[in-house]
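# Breakdown of the fold
As a plain string of letters, each chain reads:
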Amino acid sequence: MFKSLKDRFNLQSLKCDWYGSWFWNGFYIFKILMYFFLLIDFNLPLNVMLFAATHAHFQRRRIQKYYRIIIAILCLALLYHDSYLPSLKQILAQRSNLTGFSLSYVTEFLLDFVNFKLIGLFAVAIVIVKAASLYLRGTTCVILCFVLTQLVSSDTLLKNFTKENNVTINTNFILKNKDLIAQRGTFNNTNLNRYLEAFTKKEDSRSIEVPYSLESSFVPFNIVLLTIDNVANQDLSTFNANDVYALKRFNLYLTGFNSVTTDFNESKLRLFQSICGQKKQDNLIDKRNDKCSLIKMIEQLGYDAVAFFNSQKELNSIADKIGKYTHFPVNLNPYVVKPRVLYKGSDRKDIYNDEDIFNSYIRYVGSSDLLSFAYIHSSSLLNGNRDNNFEVSYEEKLTSLLVRINKFIDRLEDLGKPTLLIMVPTAGAALKGDKTQLKGMRAIPSDSITNTTAMIKFCGMKNLPHTVSLNDPVSYQSIAYIIAKTLSGNIYSEKYPLSLEAFSEDIPRTELVGETDSHYFIKYKDKYFYKTTESGSNWKEYVR
């Protein structure tokens, strides 16, 4: 028996021959071509070792069969590693988001992993390599391609920027605005970490000047702060919604608004804490901080604060999570008439009709002589919202919401009470993906998700002949500044005619820095970078 075992596992059975395979030669030539076209990255040492391993051919068929399977798995794994697709850790971190989507959406999401055009080109390339193998040595061609990856100019290929001497673009570049930190030096981990640290230090000590009383000649006006989940500039552009009449009725546009995070609850907390600068997430929820409270500042000036939600789930979430860390109105959803159900959310909870919510506010403020601050929140654009058991398309939800907002503006103007209307989208829907992050993924707070447009309208104000767009980077503190400035400046008084240009000049600017519980995202000079929040992690360029 021992002799048979010895024969069975004899080292002679592991004897192998070494020669190239036209299939793996074609695979690597195609992979290197994708690298040259910046479709993937290319780890040279790992690819060289694995390419060498494809040349081993064991004489025993069973061993060779299992070996080929292992090699195929390793080659696919290395291809995934070299690609710009999200890591498995990122995907697992976002699994809770996927569970709320319909089967069709999840299917579409999964299909985004597969590029059928590239698969077709790969098949054509394999046929060409097979035919050419009669005249050329495939292994030699691949080795030459390996060498070529190191000889081609780094200016034309995606390079590992973490080396200190890799990229130098305008090393004396300094942003002109006094609010923003100068960006000097090359793109390396040291400089990017210093930049993030400097940003955090600056924002921790930053706050706006708030009024403690109103002028005796103050002309009263109401304030409406409307937040909308799941809409960013990219989403509006996708459906050409920027030219919709409802969005052209505002007076001031902050097109460079950064919502910072992809978490809707955190974005609201940042909005309510916007008297202060942009704090790191850990500091934001470290302890309750009423000194930074936007709503408390408004209430102290004599305003009656009220909040309306078109989702009971969102209301509960605000009360449970955000109310722990900042001041929030006590008067919640003072409906006179219960609103109609518009959608069922992904959790089957009711999403009420925004028009009924808006009308509830109109009735509420119309019957009161008090100064009113109203926070209104809409969840109508969330993924998974359904009507009669059928998921409603994003375009349909967006179109109908904009119609309801347009009617709301009409009613505000017909009300006859001056009103400052501020609309702030909290974060985008991630309807489109890129090389680094697939659509529907929100782990990395890229600017395609966090870049929104905050819109301000001075309802009831006369002699505003045109609109102004501010394209500079701003964030939540700009909203607090606008509210504080309108209150202290008595802007509805005819004694102080409003100049939108002058008004927008002093709006505080804030660098584009995003943060979630797993990633940071920054713009440094003309490039974008991200890294995980884990200690010691390295920055990577965010590739579109």
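As a reminder, the structure under discussion sits directly above these lines.
Residues numbered from 1 in each chain as written. Predicted model: local features only at pLDDT ≥ 70, side-chain atom pairs only at ≥ 80, totals over all residues. Heavy atoms only, no water.

### What to know about the overall build of the protein chain
For the protein chain, the helix and strand inventory stands at 20 helices and 18 strands. Buried residues in the protein chain amount to 51% of all 544 residues. Partitioning the contacts of the protein chain with sequence separation of at least 6, the portion at a separation of at least 24 is 77%. When the accessible surface of the protein chain is totalled, it reaches about 27100 Å², and 56% of it is carbon and sulfur. (Helix = DSSP H or I, 4+ residues; strand = E, 2+ residues; numbered from the N terminus. Buried < 20%, exposed > 50% of the residue type's maximum accessible area, 1.4 Å probe, protein only. Contact = heavy atoms within 4.5 Å. Areas by Shrake-Rupley, 256 points an atom, 1.4 Å probe, with all protein chains shown as cover.)

### Some details on the state of the cysteines
Here the structure, examined in full by the defined rule, presents one disulfide. The disulfide that involves C276 links it to C292, with 1.8 Å between the sulfurs. Where C276 bonds to C292 through sulfur, the torsion about that S-S bond is close to -80°, and the disulfide is left-handed. Placement of the pair is C276 in the loop between α12 (264-272) and α13 (281-284) and C292 in the loop between α13 and α14 (294-299), with a sequence separation of 16 residues. Taking the relative accessible area as the measure of exposure, C276 reaches 13% and is therefore buried. Considering cysteine sulfurs only, C145 is the nearest to C141, which forms no disulfide, with 6.9 Å between them. (Disulfide = S-S within 2.5 Å.)

### With respect to the sheet that holds strand β15 (residues 513-515)
Reading across from one edge, β15-β16-β17-β18 is the order of the four strands in this open sheet, with antiparallel pairing throughout. The open sheet has two edge strands, β15 and β18 (540-541), and neither has a second partner. Sheet topology places β15 next to strand β16 (residues 519-524); three bridges connect them, and they run antiparallel. Along β16, the bridge assignment pairs V513 with I522. (Pairing = 2+ DSSP bridges.)

### As for the nonpolar core
L254, Y303, F458 and I479 are the most contacted members of the largest nonpolar core, which has 56 residues in total. Per-element tally for this core: the top contributor is helix α19 (residues 476-488), with eight residues. The contact partners of L254, leaving out residues within four places of it in the chain, are T452, T453, A454, I456, L470, V474, S478, I479, I482 and I507. Core analysis: the next-biggest nonpolar cluster, separate from the first, contains 35 residues, I228, Y253, V306 and I357 among them. (Core = buried A, V, L, I, M, F, W, Y, C linked by side-chain atoms within 4.5 Å.)

### Brief notes about the side chain of H519
Note that H519 resides in strand β16. With a relative accessible area of 5%, H519 lands in the buried category.

### Some thoughts on the sheet that holds strand β12 (residues 419-427)
The strand order β6-β5-β9-β3-β12-β13-β4-β14 describes an open sheet built from eight strands, whose pairing is mixed. With one partner strand each, in any of the chains shown, β6 (331-332) and β14 (468-470) form the two edges of the open sheet. Both strand β5 (residues 304-309) and β6 contribute to a ladder of two bridges, which runs parallel. In the strand pairing of β6, A307 is matched with L332. Contacts between helix α17 (residues 394-415) and the sheet are confined to β3 (222-229), β9 (372-378), β12 and β13 (451-459), with β12 contributing the most and set at about 160° to the helix. (Axes fitted to C-alpha atoms, helices over the stretch in contact; angles between N-to-C directions.)

### Points about a nonpolar patch on the surface
Taken together, I143, V147, L148 and L151 make up a surface patch of nonpolar side chains, about 370 Å² in accessible area. Mapped onto the secondary structure, L151 falls in helix α9 (residues 138-151). L151 gets classed as exposed once you look at its relative accessible area, which sits at 64%. (Patch = residues over 30% accessible without salt bridge, like charges linked within 9 Å, V, L, I, M, F, W, Y side chains within 5 Å. Salt bridge = Lys/Arg side-chain N within 4 Å of Asp/Glu carboxyl O.)

### As for the pattern of salt bridges
In the structure shown here, the tally under the stated rule is 18 salt bridges. Its salt-bridge partner being D472, residue R509 comes within 3.0 Å of it at the nearest N-O pair. Here D472 lies in the loop between β14 and α19 and R509 lies in the loop between α20 (500-505) and β15, a separation of 37 residues in the sequence. A single network of salt bridges, built from pairs that share partners, joins K202, E203, R206 and E511.

### Quick look at the pairing of β9
In summary, the side chains of a regular strand alternate between the two faces of the sheet. The buried fraction of β9 amounts to seven of the seven residues, a majority that puts the element mostly inside the structure. Residues S372, A374, I376 and S378 of β9 are buried on one face, and the alternating residues F373, Y375 and H377, pointing to the opposite face, are buried as well. Sheet topology note: the β3/β9 ladder contains six bridges and is parallel. Across the sheet, residue L226 finds its bridge partner in β9, namely I376. Pairing between β5 and β9: six bridges, direction parallel. In the sheet register, V306 faces β9, and the bridge partner there is A374.

### Quick word on unusual backbone geometry
Of note, N230 is a non-glycine position whose phi angle comes to about 75°, a positive value. Among the structural elements, N230 can be located in the loop between β3 and α11 (233-238). With phi around 50°, N490 is a residue other than glycine that occupies positive phi space. Examined against the element boundaries, N490 turns out to sit in the loop between α19 and α20.

### Things to note about the packing of helix α2 (residues 22-36) against helix α4 (residues 61-82)
Contact geometry for α2 and α4: axes closest at 12 Å, N-to-C directions at 5°. Considered as vectors, α2 and α4 are oriented roughly parallel to each other. When α2 is examined against α4, the residues W24, F27, Y28, K31 and M34 are found in contact with a partner set consisting of I71, A72, C75, L78, L79 and D82. Among the residues forming the contact of α2 with α4, the class breakdown is nine nonpolar, no polar and two charged. (Parallel < 35°, antiparallel > 145°, perpendicular 65-115°, else oblique. Nonpolar A, V, L, I, M, F, W, Y, C, P; charged D, E, K, R; others polar.)

### Considering the packing of aromatic side chains
This structure, assessed with the given rule, holds 32 aromatic pairs. Aromatic pair F23 and W24: ring centres 5.1 Å apart, planes at 80°, arrangement edge-to-face. Among the aromatic residues, those joined into a ring-pair cluster are W22, F23, W24, F27, Y28, Y35, F36, F42, F51 and F146. Above the ring of F187, the side-chain terminus of K525 is found at 5.6 Å from the ring centroid. Its guanidinium or amino end placed over the ring of Y528, R544 lies 4.7 Å from that ring's centre, counting from NZ or CZ. (Phe/Tyr/Trp six-rings, centres within 6.5 Å; stacked < 30°, edge-to-face > 60°. Lys NZ or Arg CZ within 6 Å of the ring centre and 35° of its normal.)

### Quick word on the pairing of strand β4 (residues 252-258)
The element β4 is largely enclosed, with a buried count of six among its seven residues. Pairing analysis gives five bridges linking β4 to β13, with the strands arranged antiparallel. Its bridge partner lying in β13, N258 is registered against N451.

### Brief notes about α2
For α2, spanning 15 residues, the distance from its first C-alpha to its last is 21 Å, which sits close to the expected 21 Å at 1.5 Å a residue. Every buried residue belonging to α2 is among W24, N25, G26, F27, Y28, F30, K31, I32, M34 and Y35, and all of these are buried. (Expected span 1.5 Å × (residues − 1).)

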